[in-house]
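# What the coordinates show
Residue strings, one per chain:
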Amino acid sequence: MSTNYVKAVLFDLDGTLIDTAADFIRIIKRMSEQNGWQLPPSQAIREQVSAGAGAMVSLMLKHNEQPLTEEQIQHYRQQFLDEYEADICVDSQVFTELEPLLSFYEKSGIPWGIVTNKPRYLATKLLQSLALDERCSVLVCPDDVSNTKPDPEPMYLALEKLELPRGIANSVIYIGDHIRDVQAGSAAGMTTVLASYGYIPPEDQDDLEAWGADYIADTPKALVKLLRSKQFDYL
């Protein structure tokens, strides 16, 4: 970082701040059972979480070689979203090691927030379920912008909501588990951290350094160690 002090810390949501995979796996399992289909491996579902609902539903259908029309695929995608909204937080939780980090930021007066590609109605409900909605200083979702990540527009909006000028963007840390997170944060001039413990398919694991993040954390514990290290000063 070229500036001395961190002004804010922003997280991606699924797979970075909150481990949501178990709830998605549960819903895919329920839909598979309802249709008499085989359940895709849990790890395979986990690896598709950051790619969104469409990717997880496509995985389920491809795993069972279902020759469906686009209309039918959209039907199952909507069913998936409806079931997720109705039962959004059974097993989802903040990655355990990160809770003390959030408390540290709050006690230190450092705003933390979320920039996600998760629709606002789902992101808000999830944060409310985990009692994070009033702790989070800023939430930016696809509904709020014209261009989503990897475009930097969501990052700029987060800065605006935090009343931070773009000129000090490198004093803001953005943490995510997808290449689009690194691209968006970098394009906005932020300091980026790749959470490689997140929902990353195995075919991408060997090329993570090429994504261009300023730092890589391979576990939540490593992320906390990094963010509490002398690399970063907070004001």
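Rules behind the numbers
- Residues numbered from 1 in each chain as written.
- Predicted model: local features only at pLDDT ≥ 70, side-chain atom pairs only at ≥ 80, totals over all residues.
- Heavy atoms only, no water.
- Helix = DSSP H or I, 4+ residues; strand = E, 2+ residues; numbered from the N terminus.
- Rg over C-alpha atoms; globule rule 2.2 N^0.38 Å.
- Buried < 20%, exposed > 50% of the residue type's maximum accessible area, 1.4 Å probe, protein only.
- Contact = heavy atoms within 4.5 Å.
- Lys, Arg positive; Asp, Glu negative; His and termini not counted.
- Charge placed at Lys NZ, Arg CZ, Asp CG, Glu CD.
- Axes fitted to C-alpha atoms, helices over the stretch in contact; angles between N-to-C directions.
- Left-handed = near helix turned anticlockwise from the far one by under 90°.
- Nonpolar A, V, L, I, M, F, W, Y, C, P; charged D, E, K, R; others polar.
- Parallel < 35°, antiparallel > 145°, perpendicular 65-115°, else oblique.
- Pairing = 2+ DSSP bridges.
- Arc of directions from axis to C-beta.

The name given to the protein in an unreviewed UniProt entry is HAD-IA family hydrolase, with Psychrobacter raelei as the source organism.

Here the focus is the overall build of the protein. Scanning the protein for helices and strands turns up 9 helices and 8 strands. On C-alpha atoms alone, the protein measures out to a radius of gyration of 18 Å, which is about the 18 Å that the 2.2 N^0.38 rule sets for 235 residues. If you line up the protein on its principal axes, its C-alpha atoms span 55 × 35 × 35 Å. Here the protein, with 235 residues, has 50% of them falling under the buried criterion. For the protein, restricting intrachain contacts to residue pairs at least 6 apart in sequence, the fraction spanning at least 24 positions comes to 66%. When the 20 positive and 35 negative side-chain charges of the protein are each reduced to one mean point, those points stand 6 Å apart.

We now examine the packing of helix α3 (residues 53-63) against helix α4 (residues 70-86). Running from N to C, α3 and α4 cross one another at 120°; their axes reach a closest spacing of 9 Å. Of the two possible hands of crossing, α3 and α4 adopt the one that is right-handed. On α4, the residues that touch Ala53, Gly54, Met56, Val57 and Leu61 of α3 are Ile73, Tyr76, Arg77, Phe80 and Leu81. Partitioning the contact of α3 with α4 into residue classes produces 8 nonpolar, 1 polar and 1 charged.

Turning to the packing of α4 against helix α6 (residues 120-129), a few remarks are in order. In the contact formed by α4 and α6, the axes pass within 10 Å of each other and the chain directions differ by 25°. Here α4 lies roughly parallel to α6, going by the angle between them. The handedness of the crossing between α4 and α6 is left-handed. Counting all contacts with α4, which are made through Leu81, Tyr84, Glu85 and Ala86, the residues of α6 involved are Tyr121, Leu122, Lys125 and Leu126. Grouping the constituent residues of the contact of α4 with α6 by class yields 6 nonpolar, no polar and 2 charged.

What follows deals with the sheet that holds strand β4 (residues 112-115). Reading across the sheet, the 6 strands line up as β5-β4-β1-β6-β7-β8 and stay open at both edges, with parallel pairing between neighbours. The strands lining the two open edges of the sheet, one partner per strand, are β5 (138-140) and β8 (215-217). Put simply, the sheet's adjacent strands are angled 20° from each other on average, direction ignored. One ladder, built from 3 bridges, connects β4 with β5; its direction is parallel. The partner of Val115 across the bridge, within β5, is Val140.

In this model, Lys149 is joined to Pro150 through a cis peptide bond whose omega is 20°. Tracing the chain through its elements places Pro150 in the loop between β5 and α7 (153-161).

Another aspect to go through is the environment of Ile114. When you line up the elements, Ile114 lands in strand β4. Sequence separation between Ile114 and Ala158 is 44 residues; the distance between their C-alpha atoms is 8.4 Å. Excluding residues that lie within four positions of it along the chain, Ile114 makes contacts with Leu10, Phe11, Leu13, Leu17, Leu127, Cys136, Val138, Leu139 and Val140.

Within α7, burial applies to Pro154, Met155, Leu157, Ala158 and Leu159. In this structure, the buried residues of α7 make contact with β1 (8-11), β4, β5, β6 (172-176) and α8 (179-187).

With that settled, consider helix α5 (residues 98-108). Every buried residue of α5 is accounted for by Leu98, Leu101, Leu102, Phe104 and Tyr105. All buried residues of α5 lie within an arc of 155° about the axis, which places them on one face of the element. Across α5 from its buried face, at more than 90 degrees, point the exposed residues Pro100 and Lys107. Buried residues along α5 sit in contact with β1, β3 (93-94), β4 and α9 (220-227). Directly after α5, the chain includes Gly109, whose backbone phi takes a positive value near 75°.

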